[in-house]
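Structural features, examined
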Amino acid sequence: MNNIVLADKAGFCFGVKRAVDEALASQKGKAKKIYTLGPLIHNKDVISRLQDTDIHTIDINDIYRLEKGDTVILRSHGVGKDVINLLKQRQLDIIDATCPYVKHIHNIVEKYYNMDYKIIIIGDPIHPEVIGINGWCENSAIVLEHGYAKGKLPGKVCVVCQTTEKQESFKRAIDIISDQCREFVVFNTICSATGSRQSSAAELAAKMDVMIVIGDKSSSNTNKLYEICKNKCKDTFYIENHESIDEEVYSKINSGSFNIGITAGASTPDWVIDKVISKLKGDKDHGR
Ligand code: SF4
């Protein structure tokens, strides 16, 4: 008889859960069309559930073909002030599902930009969250990718970071800034959600005979969880949902009595995790 244990921290982070809940609830009382500006999250099951409820993904160039009163959902990554102004000008309804931790960064950036600080963002310049943050200082920020500066930095700066940035990049950037800038104010805006999922998965994987990591194959944080678990537990399997549990997994878990650990990326919803657990337990609805 196998024993199944779910990691303490697994699946949706607070900001992603909030965005998906708001999107799924948005149909109530809406007569007009509803869209998300960019894919809400990296998970095919969630995107197809949204499509089933007639909520579709668009990009910024599609805004011009929407009708007055249509709804646009802003995802947890957030957007720049210019995008919000454009949506308002087009008289579109906005559901702002920007994660409050990201919104906090927007507020810092806008405040210090208006106080004549040059904004520095530590992060990936092409990541939508960084592009959104930059949109609160008229796209004038200097972005330090991996914490490295390409040229001389100005004397008076306000520093924030992408919520998923690594602590080592943050520390590297702060060393450079403290050497070069005479006046600086620093906000460590790294979110603990990614780190806590990784340490929880590593802790569990070290104690388990088998680990199952659930998430979309395109999700970078799920790929990272898989690597971490594989490092601690050689029988680690990566699946997307209950339908992708394959013969390799079954032949392993049916070959003895095992402790099986489960973890899931920050973009994996509870209902996908529940179906996997239920199928592994051989429950009727999802049994083989
Ligand atoms: S990782 Fe953190 S900042 Fe990003 S959406 Fe989740 S809770 Fe919000």
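Calculation notes
- Residues numbered from 1 in each chain as written.
- Predicted model: local features only at pLDDT ≥ 70, side-chain atom pairs only at ≥ 80, totals over all residues.
- Heavy atoms only, no water.
- Phe/Tyr/Trp six-rings, centres within 6.5 Å; stacked < 30°, edge-to-face > 60°.
- Helix = DSSP H or I, 4+ residues; strand = E, 2+ residues; numbered from the N terminus.
- Domains from an automatic or database assignment.
- Contact = heavy atoms within 4.5 Å.
- Buried area = accessible area lost by both parts, 1.4 Å probe.
- Salt bridge = Lys/Arg side-chain N within 4 Å of Asp/Glu carboxyl O.
- Pairing = 2+ DSSP bridges.
- Axes fitted to C-alpha atoms, helices over the stretch in contact; angles between N-to-C directions.
- Expected span 1.5 Å × (residues − 1).
- Buried < 20%, exposed > 50% of the residue type's maximum accessible area, 1.4 Å probe, protein only.
- Near = heavy atom within 4 Å.
- 1 Å grid on protein atoms, 1.4 Å probe; cavity = no way out; pocket = protein on both sides within 12 Å on 5 of 7 lines; lining within 4 Å.
- Sits in = over half its atoms within 2 Å of the grid points.
- Nonpolar A, V, L, I, M, F, W, Y, C, P; charged D, E, K, R; others polar.

Re the packing of aromatic side chains
Each pair of aromatic rings is reported with the distance of its centres and the angle of its planes. This structure, assessed with the given rule, holds four aromatic pairs. Seen from their ring centres, Phe14 and Tyr101 are 5.5 Å apart, and the 50° between their planes marks the pair as tilted. Here Phe14, found in helix 1 (residues 14-25), pairs with Tyr101, found in helix 4 (residues 100-114); they are 87 residues apart in sequence, far enough to count as distant. Residues Tyr226 and Tyr238 carry aromatic rings whose centres are separated by 5.5 Å and whose planes lie at 35° to one another, so their mutual orientation is tilted. One end of the pair, Tyr226, is in helix 8 (residues 220-232); the other, Tyr238, is in strand 11 (residues 236-239), with 12 residues separating them in the sequence.

Re the domain arrangement of the protein chain
Many descriptions give the size of an interface as the accessible area lost when the pieces come together. Taken domain by domain, the protein chain holds domain 1 (3-11 + 193-286), domain 2 (14-98) and domain 3 (101-190). Its C-alpha centre places domain 1 at a distance of 30 Å from the equivalent point of domain 2. In this complex, domain 1 contributes 11 residues to the contact, which on the side of domain 2 involves nine residues. A combined buried area of about 860 Å² lies between domain 1 and domain 2, and 48% of that area is made up of carbon and sulfur atoms. On the domain 1 side of the interface with domain 2, the three residues burying the most area are Asp216, Ser267 and Trp271, jointly 57% of the side's total. On inspection of domain 1 and its partner domain 2, the count reaches two salt bridges. The salt bridge involving Asp216 is made with Lys44; its shortest N-O contact spans 3.1 Å.

A closer look at the sheet that holds strand 8 (residues 156-161)
Spatially, four strands are ordered 7-6-8-9 in an open sheet, and the strand pairing comes out parallel. Edge strands, defined here as strands with exactly one partner in the open sheet, are strand 7 (142-144) and strand 9 (183-186). The mean inter-strand angle of the sheet, taken between neighbouring strand axes irrespective of direction, is 25°. Most of the contacts of helix 4 go to strand 8, to which it runs at about 175°, and overall it touches strand 6 (118-122), strand 8 and strand 9.

Thoughts on helix 7 (residues 192-207)
With 16 residues, helix 7 should reach 22 Å at 1.5 Å per residue; the first-to-last C-alpha distance of 23 Å fits that figure. Buried within helix 7 we find Ala193, Arg197, Ser200, Ala201, Ala202, Leu204 and Ala205. Where helix 7 is buried, its residues touch strand 1 (3-6), strand 10 (210-214), helix 8 and strand 12 (259-264).

Observations concerning the sheet that holds strand 11
Taken together, four strands build an open sheet; the order of strands is 1-12-10-11 and the sheet is parallel. Each of the sheet's edge strands pairs with one partner strand only, and the pair in question is strand 1 and strand 11. Strand-to-strand twist in this sheet, taken as the mean axis angle between neighbours without regard to direction, amounts to 20°. For strand 10 and strand 12, the ladder comprises five bridges, and the chain directions are parallel. The residue bridging Val213 from the neighbouring strand is Thr263, located in strand 12. Packing against the sheet, helix 8 makes contact with strand 10, strand 11 and strand 12, and its axis sits at approximately 165° to strand 11.

Concerning the site of the ligand
Close to the ligand lie Cys13, Gly15, Cys99, Tyr101, Thr163, Cys191 and Ala193. Of all the cavities here, the one that holds the ligand is the largest pocket. Looking at the shell around the ligand, its residues break down into five nonpolar, two polar and no charged.

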